[in-house]
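So the chains spell out like this:
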Amino acid sequence: MFSSIIFHSQPIQPIAIRDRLVDAVPAVVGFKDGDRHHDAQEWVTNLMDAVGDLLPHELRQQWRNLFNVGITAEYTCDGPEQHRVIKDQSMKSVLSVPVMDEDERPIFNIIAAIEEELRLQWVPRTCDDRKCKSEVSAEHSTITSCPEVSLSI
């Protein structure tokens with residue numbers, strides 16, 4: 001296991017990386033508490049945001065485009081007319097995927113994990129049509145944009 005990360009030939013201990021992250025992103029001050037369990041996804045997301053925020057303005061969006069995944073959700077109410085609404089794409093820097101399916105069986109590959117995360121599910125949602133009394137909708141999410149990686153060598 002590596003005990004440090006090398007930047008510019010200077011070893012930086014994990015505590016120093018954590019302290020720099022907290023200095024750059026005051027909202028994650030809880031990371032200073034070494035006795036508290038920290039969620040790995042939360043750590044990675046905040047670290048990616050902190051790096052992006054430290055970049056010059058013109059490079060920030062390019063940095064985020066390396067990671068952003070666009071998700072679009074479509075809702076179909078369970079009313080007799082099955083009204084449909086497609087929400088605007090939301091951008092996520094980290095796609096959370098489950099490690100167990102809905103029947104509590106382990107998921108062993110990334111494709112299956114993504115399919116499980118995006119599968120059709122019923123959610124509480126009042127229909128946008130005022131005449132419809134539906135309070136449940138089928139939600140189907142789709143990846144509509146993926147990270148942009150285009151390097152000119």
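Scroll up for the structure.
First, a word on scope: everything that follows refers to the structure included in this document. (Residues numbered from 1 in each chain as written. Predicted model: local features only at pLDDT ≥ 70, side-chain atom pairs only at ≥ 80, totals over all residues. Heavy atoms only, no water.)

## Re the overall build of the chain
For step 1, the next point in the chain: Tallying secondary structure elements over the chain gives four helices and seven strands in all.
For step 2, the next point in the chain: Its helices and strands in sequence order give the chain the pattern β-β-α-α-α-β-β-β-α-β-β, from N to C terminus.
For step 3, the next point in the chain: Across the 153 residues that make up the chain, the buried fraction comes to 24%.
For step 4, the next point in the chain: Relative to all contacts within the chain whose residues are 6 or more apart in sequence, the contacts with residues 24 or more apart total 42%. (Helix = DSSP H or I, 4+ residues; strand = E, 2+ residues; numbered from the N terminus. Buried < 20%, exposed > 50% of the residue type's maximum accessible area, 1.4 Å probe, protein only. Contact = heavy atoms within 4.5 Å.)

## Description of the pattern of salt bridges
For step 1, the next point in the chain: What the rule picks out here adds up to seven salt bridges.
For step 2, the next point in the chain: A salt bridge links glutamate 74 to arginine 84; the shortest N-O distance between them is 2.7 Å. Here glutamate 74, found in strand β3 (residues 69-77), pairs with arginine 84, found in strand β4 (residues 84-86); they are ten residues apart in sequence, far enough to count as distant.
For step 3, the next point in the chain: For glutamate 74, a relative accessible area of 24% corresponds to the partly exposed category. (Salt bridge = Lys/Arg side-chain N within 4 Å of Asp/Glu carboxyl O.)

## Some words on the packing of aromatic side chains
For step 1, the next point in the chain: Overall, the coordinates contain one aromatic pair when judged by the stated rule.
For step 2, the next point in the chain: With a centroid separation of 4.9 Å and an interplanar angle of 70 degrees, the aromatic rings of tryptophan 63 and phenylalanine 67 are classed as edge-to-face.
For step 3, the next point in the chain: Looking at tryptophan 63, the relative accessible area reads 22%, which means it is partly exposed.
For step 4, the next point in the chain: When the ring centre of tyrosine 75 is taken as reference, the NZ or CZ atom of arginine 125 above it lies at 4.6 Å. (Phe/Tyr/Trp six-rings, centres within 6.5 Å; stacked < 30°, edge-to-face > 60°. Lys NZ or Arg CZ within 6 Å of the ring centre and 35° of its normal.)

## So, unusual backbone geometry
For step 1, the next point in the chain: Non-glycine residue glutamine 82 carries a positive phi angle of around 45 degrees.
For step 2, the next point in the chain: Mapping glutamine 82 onto the fold places it in the loop between β3 and β4.

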